[in-house]
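Below, each chain spelled out in residue letters.
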Amino acid sequence: MCEDLMMDPELRGHILAITNRNLCSRPFEEQVRRVCYFHPATLILREKDLPDAEYGELAKKVMKICREYQVPFIPHSFVETARQLGADRIHLPLWRLREASGTGLLDGFKTIGVSVHSMEEALEAEALGASYLTAGHIYATDCKKGLPARGTGFLRAVCEAVDIPVYGIGGIHLDEAQIKEVLGCGAAGGCIMSGMMRV
């Protein structure tokens, strides 16, 4: 499994794997198993287009696979579902963090990741209690077709402006040189979606 994927294990520890079942060419659970075999720093289950109940059922299966491989698991967006699953980590879009701020909705979560797309958003997310940020998009990507990449200068500026870990996102591949470039900006690592769904 993943015989073709030769990457320095130390660099793998700087990669957040983001799921997108629509990009898989094989059954999703099989793909998740392959990702976990690769052993990224974390797997974020991003399937936010699903209804709550379907997301919850899928999350149970993915959590089980992550535990088997000892890969940390982070639900994306579904706060109540994450709580029901006993997860103590969550990843949110900034608008969701804004809504939840001061409501007690996020009590009990030890780690709160937040997606940001500007310096202002990064500073706001940190002030609202984010544990880490994903900032992007850094490189050109089909996921943001037609939108210019913000570049490594943006990533560097965000890393210098906040005191919490920042992960670059957008157009990042399973490429050692690129991961090292992201780390060279002061980032804690990079997020990979397309590449992880095709491992």
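None of these values were measured; they are calculated from a predicted model.

Here we come to the packing of aromatic side chains. Counted under the stated rule, the structure contains two aromatic pairs. On the basis of an interplanar angle of 15 degrees and a centroid distance of 4.0 Å, the ring pair of Tyr55 and Phe78 is categorised as stacked. Residue Tyr55 is found in helix H3 (residues 52-69), and its partner Phe78 is found in the loop between strand E3 (73-75) and helix H4 (79-84); the two are separated by 23 residues along the sequence. Of the two residues examined, Tyr55 and Phe78, each falls in the buried class. With a centroid separation of 5.9 Å and an interplanar angle of 85 degrees, the aromatic rings of Tyr132 and Tyr167 are classed as edge-to-face. Residue Tyr132 is located in strand E6 (residues 132-136), and its partner Tyr167 is located in strand E7 (residues 166-169); the two are separated by 35 residues in the primary sequence. Exposure remark for Tyr132: the relative accessible area of 6% places this residue in the buried category.

Take the nonpolar core next. The nonpolar side chains of a soluble globular protein tend to be buried with one another. Core analysis: the largest hydrophobic core is formed by 60 residues, its most contacted members being Leu43, Val62, Val114, Leu133 and Met196. Broken down by element, this core gets its largest block of residues, seven residues, from H3. Among residues more than four places away in sequence, those in contact with Leu43 are Ala17, Thr19, Val32, Val35, Cys36, Val62, Cys66, Val71, Pro72, Phe73 and Ile74.

Turning our eyes to something else, we now look at helix H8 (residues 176-184). Every buried residue belonging to H8 is among Gln178, Ile179 and Val182, and all of these are buried. Seen from one end, H8 has its buried residues packed into an arc of 100 degrees, which puts them on one side. For H8, the secondary structure elements touched by its buried residues are helix H1 (9-12), strand E1 (15-18), helix H7 (151-161), E7 and strand E8 (189-192). At the N-terminal boundary of H8, the capping side chain belongs to Asp175, with an oxygen 3.1 Å from the backbone nitrogen of Ala177.

Moving on to the environment of Lys64. Here Lys64 shows up in helix H3. Overall, Lys64 belongs to the exposed group, its relative accessible area being 63%. As a C-alpha pair, Lys64 and Glu99 span 35 residues in sequence and 30 Å in three-dimensional space.

By the secondary structure assignment, Ser77 is in the loop between E3 and H4. On the basis of relative accessible area, Ser77 is assigned to the buried category, the value being 14%. The spatial distance from the C-alpha of Ser77 to the C-alpha of Arg96 is 7.7 Å, given a sequence separation of 19 residues. Non-local contacts of Ser77, meaning those with residues more than four positions away in its chain, are made with Lys48, Ile90, His91, Leu92, Pro93 and Arg96.

About the thresholds
- Residues numbered from 1 in each chain as written.
- Predicted model: local features only at pLDDT ≥ 70, side-chain atom pairs only at ≥ 80, totals over all residues.
- Heavy atoms only, no water.
- Phe/Tyr/Trp six-rings, centres within 6.5 Å; stacked < 30°, edge-to-face > 60°.
- Helix = DSSP H or I, 4+ residues; strand = E, 2+ residues; numbered from the N terminus.
- Buried < 20%, exposed > 50% of the residue type's maximum accessible area, 1.4 Å probe, protein only.
- Core = buried A, V, L, I, M, F, W, Y, C linked by side-chain atoms within 4.5 Å.
- Contact = heavy atoms within 4.5 Å.
- Arc of directions from axis to C-beta.
- Polar contact = N/O pair within 3.5 Å; in protein donor to acceptor, adjacent residues only side chain to side chain.

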